[in-house]
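# Coordinate inspection notes
Spelled out from the first residue to the last, the chains are:
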Amino acid sequence: MKKILDLGGAHGIDCLAMINLNPKMKGFVFDKPEIIKVTNEFLKEFENGEKIQTLEGDYVKDSIGCDYDLIYSKATLNFCKDNLKSVINKIYHALNPGGYFVSVSDGLTHEKTQPAKMVLGWLSHNLINQDISFEQNEIADLMFSTGFNYVRSKTIQTPFGQMDVDIAKKATF
């Protein structure tokens, strides 16, 4: 992989970790302008932080760039739930043939009552009648319907509770 995008990457630490594993990669962090100001300051504190370029905008409305080999999003797609299909379509078209999209997000089960840590994390949103949580396989199903030809999912344990990792690959033809 030569070019990666951390979509809604905030601090950029995930992108930095990937760049440190493969120094030949070019890394990009995309987030809102007010967040990118902090991202730029944060990355100055780390070795190789200068290798990451930042992109400002709203990934629902604005271009996210193109020719990526990997697009990674962690706990950010919730904030575009009403536009999720069009965002995943945008991601699909921004990837090179054979490129990967990796999403790490909540995947609620048991009629959206489990895992408890994730349900409680979204409580403030639910109290104002704003459901931004995902049911398990919701993102993976949209990946398939968008055109990704390979999708795999796995639930992992994180410090924030159980989260789903959905990995999709764009066809090489």
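None of the values given here were measured: they were computed from a predicted structure.

Reading guide: rules and limits
- Residues numbered from 1 in each chain as written.
- Predicted model: local features only at pLDDT ≥ 70, side-chain atom pairs only at ≥ 80, totals over all residues.
- Heavy atoms only, no water.
- Pairing = 2+ DSSP bridges.
- Helix = DSSP H or I, 4+ residues; strand = E, 2+ residues; numbered from the N terminus.
- Axes fitted to C-alpha atoms, helices over the stretch in contact; angles between N-to-C directions.
- Contact = heavy atoms within 4.5 Å.
- Parallel < 35°, antiparallel > 145°, perpendicular 65-115°, else oblique.
- Left-handed = near helix turned anticlockwise from the far one by under 90°.
- Nonpolar A, V, L, I, M, F, W, Y, C, P; charged D, E, K, R; others polar.

The strand order β3-β2-β1-β4-β5-β7-β6 describes an open sheet built from 7 strands, whose pairing is mixed. The sheet is open, and its two borders are formed by β3 (52–56) and β6 (150–158), each paired with just one other strand. The average angle at which neighbouring strand axes cross in this sheet is 20 degrees, direction not considered. Note that strand β5 (residues 95–105) and strand β7 (residues 161–169) share 6 bridges and pair antiparallel. Paired with F101 across the strands is A168, a residue of β7. The strands that helix α2 (residues 33–43) touches are β2 (26–31) and β3; relative to β3, the one it contacts most, it runs at about 165 degrees.

With their axes 10 Å apart at the nearest point, helix α3 (residues 84–94) and helix α6 (residues 138–146) run at an angle of 55 degrees to one another. In terms of their interaxial angle, α3 and α6 are classed as oblique. α3 and α6 meet at a crossing whose hand is right-handed. Taking contact as the criterion, the partners of L84, K85, I88, N89 and Y92 in α3 are, on α6, I139, L142, M143 and T146. When its residues are assigned to classes, the contact of α3 with α6 shows 6 nonpolar, 2 polar and 1 charged.

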